[in-house]
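The chain contents come next:
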Amino acid sequence: MSALFDDLLAVAGVKGVMFFSAAGELLFEKSGAGGMDKAAAPDWQALLVSLDGAREADLIFEIGRLYIRKAEEGVLVVTMGRIAPAAMIRLNCDVLLSELKSRKGSGPLFEDAKPKRKKGLGRFFQLP
Amino acid sequence: MIKNVLLVDDDRAMLLALQEGFARYSDSFSVLLAGDGIEALEYLKRQPVSLVVTDLKMPRVDGFELLATIMANFPDIPVIIITGYSTPEMERLARKGGAVAFVAKPFLIENLARQIVSMLRQEADGGTLHNVTSGVFLQLIEMEQKTCTIRLEEKTFGEKGVLFFVEGELCDARVGERQGEMAAYEIFAWDNVSLSIQNDCTVRQNRINKELSSLLIEGARRSDELKAQRAERHGGGRTRSGSRPEEALKGVRLKIECTLGTRCGAEDVIQDERWTGRVQRISQSGERLKLGKLALAYIDQGDSRDYLLLPADHAVVAVNPKCPRDKLLQLLGE
């Protein structure tokens, strides 16, 4: 599963990636600098709560930058330096979240999740 | 003013297809998407919504529960039910519960869009007024003994509220999830509003039971008090960068317009106290995580507008989601 995050981690300026469940539990974490300080977990959760349900946030702090994406599967947090190729990082996040979605229910990140019933659009709309 | 239509369905594909289908009606309404009843109620508390289109079968809070909650707390918002499991009994229950329309799947997006536009027109069938002070106008409604629903938008901060009149008597008011007398005071404290009149009132229960004139006087008093508090809170009206708040907002607007032009998607530069608490909490979290204070943020809440937050200038820039985000961040982060 961690290989999924490698492309994102390989983008210049990206320092680490974390993935939290919708309930705020840290499911995955990988960084280029020895990993996240476990004692900081509640602070990360507090930060996610302070976003008050925002779907996407780009937060620029005095000495660092965070890109946060909320998805059905959980919340993705990318830590980076203040100067980073933001558009490239967003694109990699799109790809990663799409990959995570397609693996939902089959990987270790989603052991408890059940695959979602698929519905075709033809069930909703008539052709004009 | 563009109206928000909230679409509620647990099927993401359905929501996205509707959003795409409604894109051509973007000059009439914009859409908000919610995955179930709970998410929908969160939107209704936070955002002004003109109409709700909901599926019936959903996890957590289903369409019937959502309909009942809307009728109890947001009775002015019409609800259209869409369902793939349509039966006459279900339709009867939905209409009895207050739904204005019942649409069985499969349906034509165009037909649903037309129904929505027609419903939204009713919001202003009694006319609209721009840039007025509400007090005198509301006293006329009382004198004329009108039954109507008046929707108001405050022009500086973009707050929206609703007043319900039955035969000239102010029965109820609503701002977000706040109702009754307190909501009325909040609305009466607004100096400059645009308003639309609907010649109908779904609310019949009187939650206020007070003379309009005394409510207007109390509203004006509270407004003066609030202005004084705001001036004091800004410490004589200075931002961290040393300029007065209004100068700082003007500076931000000029910086954007001079560098990226007036059509770059920055729609409004305002001071919005609703963001203050959230900005403080994000900044505090950043400091605990050794990232320092928050300098700049771009927030997408899934609404028709995204927001750029500039804590140092106490400024909020409302932007079109299609704006050149990275250019704006780079410019304002300099």
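Each chain has its residues counted from 1, following the order in which its sequence is written. Note on labels: chains are lettered from A, ligands numbered from 1, in written order. Predicted model: local features are reported for residues with pLDDT of at least 70 only, side-chain atom pairs are reported and counted for 80 or more only, and whole-chain, interface and lining totals are derived from all residues. Derived side-chain values reflect all non-hydrogen atoms in the structure, with water molecules and hydrogen atoms excluded from consideration.

Visitor: Explain helix 6 (residues 134–143) of chain B here, please?
Guide: Every α-helix carries 3.6 residues per turn, so stepping three or four residues along brings you back to the same face. All names here are of chain B. Of the residues making up helix 6, those classed as buried are Ser 134, Gly 135, Phe 137, Leu 138 and Ile 141. What you see down the axis of helix 6 is that its buried residues fit within an arc of 165°, all on one side. Turned more than 90 degrees from where helix 6 packs its buried face, Val 136 and Met 143 sit exposed. Numbering of helices and strands runs from the N terminus, with a helix taken as a DSSP run of H or I at least four residues long and a strand as a DSSP run of E at least two residues long. Of the residues trailing helix 6, Gln 145 is marked for its positive phi of about 50°. Only protein chains enter the area calculation, which uses a 1.4 Å probe; residues under 20% of their type maximum are buried, those over 50% are exposed, and those in between are partly exposed. By arc we mean the arc of the directions from the helix axis to the C-beta atoms, nothing more.

Visitor: I would appreciate a short explanation of the packing of helix 2 (residues 37–46) of chain B against helix 3 (residues 63–73) of chain B in the present structure.
Guide: Two numbers describe a pair of packed helices, the interaxial angle and the distance between the axes. Residue and element names in this part refer to chain B. Here helix 2 crosses helix 3 at 20°, and the two axes come no closer than 10 Å. Taken as axis vectors, helix 2 and helix 3 run roughly parallel relative to one another. Between helix 2 and helix 3 lies a crossing of right-handed hand. Mapping the contact onto sequence places Gly 37, Ala 40, Leu 41 and Leu 44 in helix 2 and Leu 66, Thr 69 and Ile 70 in helix 3. We call Asp, Glu, Lys and Arg charged. Ala, Val, Leu, Ile, Met, Phe, Trp, Tyr, Cys and Pro are nonpolar, and the rest, Gly among them, are polar. For the contact of helix 2 with helix 3, the per-class residue count stands at five nonpolar, two polar and no charged. Fitted lines through C-alpha atoms serve as axes, helices being fitted only where they are in contact, and the angles separating the N-to-C directions of these axes extend from 0 to 180 degrees. In what follows, roughly perpendicular refers to angles from 65 to 115 degrees, roughly parallel to angles under 35, roughly antiparallel to angles over 145, and oblique to any angle outside these ranges. Crossing handedness follows the turn of the near helix against the far one: under a right angle anticlockwise gives a left-handed crossing, and clockwise gives a right-handed one. A contact between two residues is defined here by any heavy atoms of the two lying within 4.5 Å.

Visitor: I keep staring at the pattern of salt bridges and nothing clicks. Help me out?
Guide: Side chains carrying opposite charge are able to pair once their charged atoms draw close together. Note on definitions: salt bridges are taken to be side-chain nitrogens of Lys or Arg within 4 Å of carboxyl oxygens of Asp or Glu. Taken as a whole and assessed by the stated rule, the structure comprises 23 salt bridges over all chains. Its salt-bridge partner being A:Asp94, residue A:Arg69 comes within 2.8 Å of it at the nearest N-O pair. Taken together, the residues A:Arg69 in strand 4 (residues 64–71) and A:Asp94 in helix 3 (residues 86–102) connect sequence positions 25 residues apart. Among the salt bridges present, the one from B:Arg274 reaches B:Asp272, with a minimum N-O distance of 2.6 Å. B:Asp272 sits in the buried class, given a relative accessible area of 8%.

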